[in-house]
Amino acid sequence: MYQTGPVTIASGPPAELDLAKSATEACSDVFELLHSTADGLSASEAAQRLVQYGPNVLMTHKVHASTVLFRQIRNPILLLLLGAALVSGLTGGGTNAIIIAVIVALSVGLGFFNEYAAEVAMASLRSKISQNAQVRRDGHVVDISVHDLVPGDVVELRIGAIVPADLRLIDVAELECDEGVLTGESLPASKKIGDDAYSGSIAKQGAMTGLVTATGNQTFFGRTAKLIGAAGAESHSQRAVAQVGDFLLVLAFFLALILVAARGYREVVVTHDWNWSHIGGIMQYVLVLLIASIPVALPAVMSVTMAIGAYALSLQKAIVSRLSAIEELAGVDVLCSDKTGTLTQNKLTLGEPFVVEGVDPGQLIVDAALASRADDNDTID
């Protein structure tokens, strides 16, 4: 085990530790950077750092109904339909305005209901995920929630445990960590004193004691998830609808200009019969042009079709966070999986025991169970 010398804990938490910098520092230097010791932090110091660094959770965006609703109505075709409904209402076409408004409400409502329900369901699942860790506080090992871990804590983990934060290892015993969630590698990585263990990896063998160097979004996994979340790539269907909507916007605008110019030229130059009261008639022509140039049923048909698909998937216990994801997955021709065999049933079963002559297979299973440790949380045990 790595032993630290006497370290004076400075008043107040240290500045945020750069994990890239800590990776090149010796264990003693990392202890000094974090103002910590091998006996861990005091309860008061940990509480102070929790206020500064925040809980050890991946901060995701909160579910806001207004955000989901705005995501639905920013479709250019829906905006065209809303414009057509407005013009229709202003020119006395109340029936047309109501019909168009109902179509828009149906499309927006279906998309909003499905996506908001999915957002709430995923937020609920995240809130139910809990895990405890054994931490050294005031020289004693205590069991606390991983959400309360702070940089400078000393954590003890055994086989089967999920690494709750980025750790600098100060003591290991035959340790191997499964880092497949980060690297995709099927084989666990061997660890020694001074190595880093990353949040989200799993102790597949042995035990470890580590110094917390980063928590929450500052971990390697947290920074990676943040980059992925910021990508915000549009689906094929969203791009296609946006292109159609942009084209129709430009086309309708120029056709409306031509219509207004032609009508004005005819009444002012040709017939000399211009009257400002004729504007209402011109707007009616513009309305007809707008409605004729817009595939009115397209948004509703797409929303209804994908909502039916989302419902069918929900019966298979799958949560569809975005309706557009259904169309995106439906367009997949070839689905590739890496060498780790990611696509499995995720069901662990016991195979037929292999025993020598004279040994009862049932007794072998009993002996294996007696040789395992219940507190190791090892799936195979």
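Not measured: the values here are computed from a predicted model.

A.B. asks: I'd like to hear about the overall build of the protein, residue by residue, with values.
C.D. replies: Counting secondary structure elements, the protein contains 13 helices and seven strands. Among the 381 residues that make up the protein, the fraction classed as buried is 30%. For the protein, the proportion of contacts with a sequence separation of at least 24, taken over those separated by at least 6, is 71%. Total accessible area computed for the protein in this model is approximately 22800 Å², and 62% of it derives from carbon and sulfur atoms.

A.B. asks: Break down the confidence of the model for the protein for me, with residues and values.
C.D. replies: Counting all residues, the mean pLDDT for the protein is 75, and 73% of those residues have values of 70 or more. For the stretch residues 1-11, pLDDT sits under 50, and the model shows 17 contacts to residues farther than four places along the chain or on other chains.

A.B. asks: Any chance you could break down the pattern of salt bridges for me, citing the residues and the numbers?
C.D. replies: Counted according to the given criterion, the structure contains six salt bridges. R136 serves as the salt-bridge partner of E156, at 2.9 Å between the closest nitrogen and oxygen. Pair noted here: E156 is in strand β3 (residues 154-157) and R136 is in strand β1 (residues 132-137), with a separation of 20 residues, a long-range link. Where R168 meets D196, a salt bridge forms, and the shortest distance between an N and an O atom there is 3.1 Å. Of this pair, R168 sits in strand β4 (residues 166-178) while D196 sits in strand β6 (residues 196-197), and the two are 28 residues apart along the sequence. Across the pair, exposure class does not vary: R168 and D196 are buried alike.

A.B. asks: Which residues make up the environment of D143, and what are the values?
C.D. replies: Within the secondary structure layout, D143 lies in strand β2 (residues 140-145). Between the alpha carbons of D143 and N132 there is a distance of 6.4 Å; along the sequence they are 11 residues apart. Contact partners of D143, with chain neighbours within four places excluded, come to N132, A133 and Q134. Polar side-chain contacts of D143 include one of 3.4 Å to the side chain of N132.

A.B. asks: Summarise the nonpolar core; cite the residues concerned and give the values.
C.D. replies: V155, L157, L167 and M208 are the most contacted members of the largest nonpolar core, which totals 18 residues. Elements supplying a minimum of two residues to this core: β1, β3, β4 and β7 (202-214). Per element, the largest residue contribution to this core is four residues, and it comes from β4. Here L157 is in contact with I162, V163, P164, L167, A207 and M208, once residues within four sequence places are set aside. Core analysis: the second largest hydrophobic core is formed by nine residues, L78, L81, V104 and V241 among them.

The rules we used
Residues numbered from 1 in each chain as written. Predicted model: local features only at pLDDT ≥ 70, side-chain atom pairs only at ≥ 80, totals over all residues. Heavy atoms only, no water. Helix = DSSP H or I, 4+ residues; strand = E, 2+ residues; numbered from the N terminus. Buried < 20%, exposed > 50% of the residue type's maximum accessible area, 1.4 Å probe, protein only. Contact = heavy atoms within 4.5 Å. Areas by Shrake-Rupley, 256 points an atom, 1.4 Å probe, with all protein chains shown as cover. pLDDT = per-residue confidence, 0-100. Salt bridge = Lys/Arg side-chain N within 4 Å of Asp/Glu carboxyl O. Polar contact = N/O pair within 3.5 Å; in protein donor to acceptor, adjacent residues only side chain to side chain. Core = buried A, V, L, I, M, F, W, Y, C linked by side-chain atoms within 4.5 Å.

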